[in-house]
Each structure stands twice: as C-alpha cells, then as structure tokens.
Amino acid sequence: MTSVQSAARGLCVLALAAAVLLGLPGAAPNAVADEGWSVVPSAGGRDGRPSFYAEGEPGAVLQDTVSVINPDDKPLTVRLRGADADNSAEGGGFALRAKPRDTGAWITFAEKTVKVPARTRADVPFTIGVPESVIPGDHPGAIVASGGGRSAAVRVQLRVAGPTLSALTVEDVAVRDGRISYDLVNRGNTVLTPKLAVRADGLFGEVLDRAPRTLPVELLPGRRVTLREPWPDRPTFDSVDLRLTVTAADGARDEAGTTARFVPWGAVAGLAVGLVLCAGGAGWLVRRRRRAEESGEPRGPGGPGGSGGSGGREQPRTDVELTGAVT
C-alpha cells in the first residue's frame, strides 16, 4: 500500500467517525451543524416528525418525548417551557403568547433544565394533562427551549375529543392605499386554512374577479387577524361595489363587502382652481361695469348709445340734402 493510499484511507476513517458522531437520529446533520443546537420531537420510530400531534379525551394525560440536539464541541444547557400558539394581529403569522393559559400551561417536563454534552442529544419526556372541563377542538401550543443566547421552538398540535365547529367571519372590509384591508375571525374550535375570493363591480360592469385561493395563514380558534389584499390595477374614476367571500374546511363560509369610490383628485383639484379663477375674473368684470355705470362713465367707445359725445348725452346734428346743385 502506497503512502497516498494510506493517507486516503485515514481520511475515510476520520470522515466515517465524524458521520457517526454527527449522524444523530431525528435531525439532518448538515442542518444541525449549520444552525447550531435544535429542539425536535424524538424519533421513536417516527423519523422526521415536524411537530408533535396529540389527541385525547378531557382528563387524559398524554405522553411524548422532546430531544435537544447539540452538534457543537462544547456542552449546552437549555431550559424548557410550554407556550400557547397564537396568530400575530397583522398578517396572521405564527406567534407565541407571553403567558400560557392553555396547552402551554398543561405541559409538564421530566426536567426543565437540561444539560446536553458536546456532540450528543438529550431526550426529555413530558406529559400533557388535559383538564376535565376543557372545550373540545384544537388547542395549539409549542415547546420552547432557551439556551446559548437564543431560543427555538417546536409546535404541539393538541386536539381534545368532542364536537367540533368550523366557523369564521370576514369583517371591516375597506380599501386603503391601493390595498383591500379586512379582518378574519375564527368563530369555531378548529384551526382553519381559509380561501379568499374577491369580486368588484363598477358603474360600467365588472372591474375585478379573483378566483378562490388559499391564504398563507393558519387561523387558530378564537383569533382575529388583519389581512391585506393588493389591488394595483384599481379604477381611476368609478364607484365600485366590493365583495369578499371566505371559505374553509367543513363548510365554514362568510361574505362581506364595501363600496369604494375612486376619484382622480389631482384632476379635480386642477379643475377647481380653474373654476375659481374664472369666477374671480367674471366677478371683477361685473364690479368694474357697475362702478362705471354709477360714475357716469361710458361703457364703450361710443357711450351708452354707441355714438360719440360727452357724458353720454345725445349731440345736436344738421341734416343736409344733396340735390346735385349748390348755390
């Protein structure tokens, strides 16, 4: 075996050793190395779970395990806590409530503070104690890990058994700054992924017709979000009846609308200035004519009668008959 072959074999052994150390189940090694430590659902034969899903009756105690993966060469200490999921008021993005009152408050960890050695993982069991008096339906939450100067979270999708209702309303429709603004409210007890259709009819017919499309928001039960729909090609001059139709799974549906009037205010302002100038000029002429009449001045080149003279009085004249002979 040459020295080159020996070196190559040595590099292969080192690469395999690194793969064994970093090839931890439940996470992609490259992604973990690039992003630092992470918190994920434990594999447990279900590799690649993006989040926790749990379902049970009121009063049930549900069990699962969360893993904290540390690919770095230094030990890591993290603190675990439960949180309630929420929608951000503007745009409806995924957010967490500051103080848990729902699923986040029902999560109990075997350890709240976890020390994770270098290049390894720590598996932490936890339970979700569903209260007896809880409302059926979806109760979204999250598990948050904080350590090393940052925080990371993994979602918990909890459904409590019992009757479910899918219902929503669309409210406060308005047209502002070239966009259609509206509120969506989840009136039921399930998470909704709504679809939106938009139609607008003006004085001379249809001006907008957008087919239903899925909105990029998961609307959680009891939440209200404000969304905006772009309308770059809106009319310049028209009165439009706008109608929004929102639908979701299991028959959830609602409609709302408004009337929007589009006026080219720049042109209107220019016209108004022109009218003011014309009115001012006409008024000046009327006042000048009135002053002329009151002072006895002639109103034109020939006075009131249109002929020459002074003071507007008719002057004496002599008629001469031409007979063809002069004596």
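Up top is the structure these notes are about.
Below is a summary of the structure that appears in this document.

### Some words on the overall build of the chain
Stage number 1. On a plain count of helices and strands, the chain comes out with four helices and 17 strands.
Stage number 2. Here the chain holds 327 residues, and the buried ones make up 35% of them.
Stage number 3. Partitioning the intrachain contacts of the chain with sequence separation of at least 6 by distance along the chain shows that 66% fall at a separation of at least 24.
Stage number 4. When the accessible surface of the chain is summed, it comes to about 19,900 Å², and 54% of that surface belongs to carbon and sulfur atoms.

### Concerning the pairing of strand β17 (residues 253–262)
Stage number 1. Taken together, the 10 bridges between strand β16 (residues 238–247) and β17 define a ladder with antiparallel strand orientation. Within β17, the residue paired with threonine 245 across the bridge is glutamate 255.

### Considerations on the packing of aromatic side chains
Stage number 1. As enumerated under the stated definition, the model contains three aromatic pairs in all.
Stage number 2. Aromatic pair phenylalanine 52 and phenylalanine 126: ring centres 5.1 Å apart, planes at 85 degrees, arrangement edge-to-face. Here phenylalanine 52, found in strand β2 (residues 52–56), pairs with phenylalanine 126, found in strand β8 (residues 120–129); they are 74 residues apart in sequence, far enough to count as distant.
Stage number 3. Centroid distance phenylalanine 109 to phenylalanine 126: 6.0 Å. Interplanar angle 50 degrees. Geometry classified as tilted. Of this pair, phenylalanine 109 sits in strand β6 (residues 107–109) while phenylalanine 126 is found in strand β8, placing the two residues 17 residues apart along the sequence.
Stage number 4. Take phenylalanine 109: its relative accessible area is 10%, and that puts it in the buried class.
Stage number 5. Within the aromatic cluster, the residues linked to one another by ring pairs are Phe52, Phe109 and Phe126.
Stage number 6. Sitting above the plane of the tryptophan 37 ring, arginine 150 keeps its charged end 4.3 Å from the centroid.

### As for the pattern of salt bridges
Stage number 1. Within the structure shown, the criterion is met by 18 salt bridges.
Stage number 2. Salt-bridge contacts for glutamate 206 lead to arginine 199; the nearest nitrogen and oxygen are separated by 2.9 Å.
Stage number 3. For arginine 199, a relative accessible area of 34% corresponds to the partly exposed category.
Stage number 4. As a salt-bridge pair, glutamate 255 and arginine 253 come within 2.8 Å of each other at their nearest N and O atoms.

### Observations concerning the nonpolar core
Stage number 1. If you look at the biggest cluster of nonpolar residues, it comprises 28 residues, and the most contacted ones within it are Val66, Leu80, Phe109, Phe126, Ile128, Ile143 and Leu158.
Stage number 2. Of all the elements in the fold, those that place two or more residues in this core are β2, β3 (61–70), β4 (76–87), β6, β7 (113–116), β8, β9 (137–147) and β10 (150–160).
Stage number 3. Of all the elements, β10 adds the most residues to this core, at five residues.
Stage number 4. Ignoring anything within four residues of it in the chain, the contact list for phenylalanine 109 reads Val66, Leu80, Arg81, Gly82, Val124, Pro125, Phe126 and Ile143.

### Points about the side chain of arginine 223
Stage number 1. For arginine 223, the position within the fold is in the loop between β14 (205–214) and β15 (224–230).
Stage number 2. Within the local environment of arginine 223, its side chain forms a polar contact with the side chain of aspartate 86, the two groups lying 3.1 Å apart.
Stage number 3. Dropping the residues within four chain positions of it, arginine 223 is found in contact with Ala85, Asp86, Asn87, Arg97, Leu184, Val185 and Asn186.

### With respect to the sheet that holds β14
Stage number 1. Taken in spatial order, the four strands make up an open sheet running β14-β13-β16-β17, and their pairing is antiparallel. The sheet terminates laterally at β14 and β17, the two strands that pair on one side only. Between one strand axis and the next, the sheet turns by 10 degrees as a mean value, whatever way the strands run.

### Quick word on the sheet that holds β15
Stage number 1. Judged by pairing direction, the sheet is antiparallel, and its three strands sit side by side in the order β11-β12-β15 without closing on themselves. The outermost strands of the open sheet, each flanked by one partner alone, are β11 (168–176) and β15. Adjacent strand axes in the sheet meet at a mean angle of 20 degrees when their direction is disregarded.

### Side note on unusual backbone geometry
Stage number 1. Here arginine 119, not a glycine, exhibits a phi torsion of approximately 55 degrees, which is positive.
Stage number 2. Of note, arginine 119 is situated in the loop between β7 and β8.
Stage number 3. You can call arginine 119 partly exposed: its relative accessible area is 40%.
Stage number 4. Of note, aspartate 177 is a non-glycine position whose phi angle comes to about 55 degrees, a positive value.
Stage number 5. Its relative accessible area of 73% is what places aspartate 177 among the exposed residues.

### Structural notes on the pairing of β8
Stage number 1. Where β3 and β8 come together, 10 bridges link them in antiparallel fashion. Looking at β8, one finds that valine 68 is bridged to alanine 122.
Stage number 2. Across three bridges, β6 lies against β8 in antiparallel orientation. Looking across to β8, one finds that threonine 108 is bridged to threonine 127.

### Focus on the side chain of serine 42
Stage number 1. When you line up the elements, serine 42 lands in the loop between β1 (38–41) and β2.
Stage number 2. The residues contacting serine 42, other than those within four sequence positions of it, are Arg49, Thr65, Val66, Ser67, Arg121 and Asp123.

What counts, and where the lines are drawn
Residues numbered from 1 in each chain as written. Predicted model: local features only at pLDDT ≥ 70, side-chain atom pairs only at ≥ 80, totals over all residues. Heavy atoms only, no water. Helix = DSSP H or I, 4+ residues; strand = E, 2+ residues; numbered from the N terminus. Buried < 20%, exposed > 50% of the residue type's maximum accessible area, 1.4 Å probe, protein only. Contact = heavy atoms within 4.5 Å. Areas by Shrake-Rupley, 256 points an atom, 1.4 Å probe, with all protein chains shown as cover. Pairing = 2+ DSSP bridges. Phe/Tyr/Trp six-rings, centres within 6.5 Å; stacked < 30°, edge-to-face > 60°. Lys NZ or Arg CZ within 6 Å of the ring centre and 35° of its normal. Salt bridge = Lys/Arg side-chain N within 4 Å of Asp/Glu carboxyl O. Core = buried A, V, L, I, M, F, W, Y, C linked by side-chain atoms within 4.5 Å. Polar contact = N/O pair within 3.5 Å; in protein donor to acceptor, adjacent residues only side chain to side chain. Axes fitted to C-alpha atoms, helices over the stretch in contact; angles between N-to-C directions.

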